[in-house]
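Spelled out from the first residue to the last, the chains are:
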Amino acid sequence: MKLEHDFFTTDNVVGLAKELIGTIFHTNINGKHCAGIVTETEAYAGVTDRASHAFGGRLTKRTEVMYREGGIAYVYFTYGMHCLFNVVSATEGTPHAVLLRAVWPVAGIETMMERRSFPKDKRLLTNGPAKLAQAFGITLEHNATSLCGDLIWIEKPSDNCIEHIVESPRIGVDYAGVDAALNYRFVGAPDEKIVRRMFSETNDLR
DNA sequence: TACACGATTTACT
DNA sequence: GTAAATCGTGTAT
C-alpha cells in the first residue's frame, strides 16, 4: 500500500523516522525502477535541533524546502560529491525531515550495481546515505519532488518484515552539542525469511 | 568576492 | 588506522 500525503504531515518527526523502518522505498528514475526495504533512518527536528540544517530558524535557498508541507524530498549536496535524501515532514513552516541512511535492495539491483560502479560486495550497495541516493538515481534535481508521485514513492507492506528496531544517537553530528546525544537514529533488523517470501523473485539480499 | 566546512565514501598504509 | 576527493552552501568580508 502506497503511503499517502497525510502520512508525512505529522509533527512527530521522531515517530515518523521509526515508522519508516520496514517500509519500501521506490524510485523510477531514468526509466529504471529500484526498491529497497528501509533499514536505517534519522530524525532531524526542525529549528530546535542543533544537528538540523534548519536549526535556529535558518532559512536559506537550500533549507527552504524543509519548511514546506511534508510529503516531498529534501535532497542536498555535501562533502563536494554526495547527495543525501530526506523525507520532509510536518506542516508548512515546520522544517522537520527524516534522513534515509540505508535500505536492503529488493528490486532493480542490476541498475543499482551499474550506478554504484559494481562494488565487489553487494552489501556495500545501499548501506549508507550517499550510497543509497546514488544507487536509486537521486540527484539534486529531485529536491522538492513529491513522495507520492511516479518518480519517488514509499510503500507500507502488509506484512511486517522487521524483527526489531534499535535506537541510537545519530551519525556524524558531533558538532551538534547536547543534541548529538539524542536517540534520533533507528536501525531495523529485517527477518530474512519474511523478506524472501515477500520478494520471492529476489534471490540475493543485501 | 573569499573562505572554511560538511547528516560521506573510498582507497591506501 | 588515516587521508584524499571535491564543491555547494553559509557566513563573513
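Before reading on, note that the structure itself is shown above.
Residues numbered from 1 in each chain as written. Chains lettered and ligands numbered in written order. Predicted model: local features only at pLDDT ≥ 70, side-chain atom pairs only at ≥ 80, totals over all residues. Heavy atoms only, no water.

A. Representation of the nonpolar core in the model. One finds Leu 20, Phe 25, Ile 37, Phe 85, Val 87, Phe 136 and Ile 138 to be the most contacted residues of the largest nonpolar core, which totals 46 residues. Looking at which element gives the most residues to this core, the answer is strand β2 (residues 32-45), with 6 residues. Setting aside chain neighbours within four positions, we find Phe 85 in contact with Phe 25, Ala 73, Tyr 74, Val 75, Val 98, Leu 99, Leu 100, Ile 138, Leu 147 and Ile 152. Of all hydrophobic cores here, the second largest spans 17 residues; its members include Tyr 76, Val 88, Val 173 and Ala 176. (Core = buried A, V, L, I, M, F, W, Y, C linked by side-chain atoms within 4.5 Å. Buried < 20%, exposed > 50% of the residue type's maximum accessible area, 1.4 Å probe, protein only. Helix = DSSP H or I, 4+ residues; strand = E, 2+ residues; numbered from the N terminus. Contact = heavy atoms within 4.5 Å.)

B. Up close: the protein's contact with DNA strand C. DNA strand C sits among Arg 58, Thr 60, Arg 62, Thr 63, Phe 77, Tyr 79, Gly 80 and Met 81. Taking all atoms of DNA strand C within 4 Å of the protein, the share assigned to sugar and phosphate is 68%. For DNA strand C, a phosphate oxygen lies 2.9 Å from a polar atom in the side chain of Arg 58. Thr 60 is positioned with one of its side-chain polar atoms (N or O) 2.2 Å from a phosphate oxygen of DNA strand C. (Near = heavy atom within 4 Å. Polar contact = N/O pair within 3.5 Å; in protein donor to acceptor, adjacent residues only side chain to side chain.)

C. Spatial organisation of the packing of aromatic side chains. One pass over the structure, following the stated rule, counts 4 aromatic pairs. When the ring of Phe 7 is compared with that of Phe 8, the centres are 5.3 Å apart and the planes differ by 85°; the resulting orientation is edge-to-face. Phe 8 matches Phe 7 in its accessibility class, with the two residues each being buried. With a centroid separation of 5.4 Å and 25° between ring planes, the pair formed by Tyr 74 and Tyr 76 is classed as stacked. With respect to burial, Tyr 74 and Tyr 76 carry one shared label: buried. Through a chain of ring-to-ring contacts, the aromatic side chains of Phe 25, Phe 85 and Phe 136 assemble into a single cluster. Residue placement shows Arg 170 over the ring face of Tyr 44; its charged tip is 4.8 Å from the ring centre. (Phe/Tyr/Trp six-rings, centres within 6.5 Å; stacked < 30°, edge-to-face > 60°. Lys NZ or Arg CZ within 6 Å of the ring centre and 35° of its normal.)

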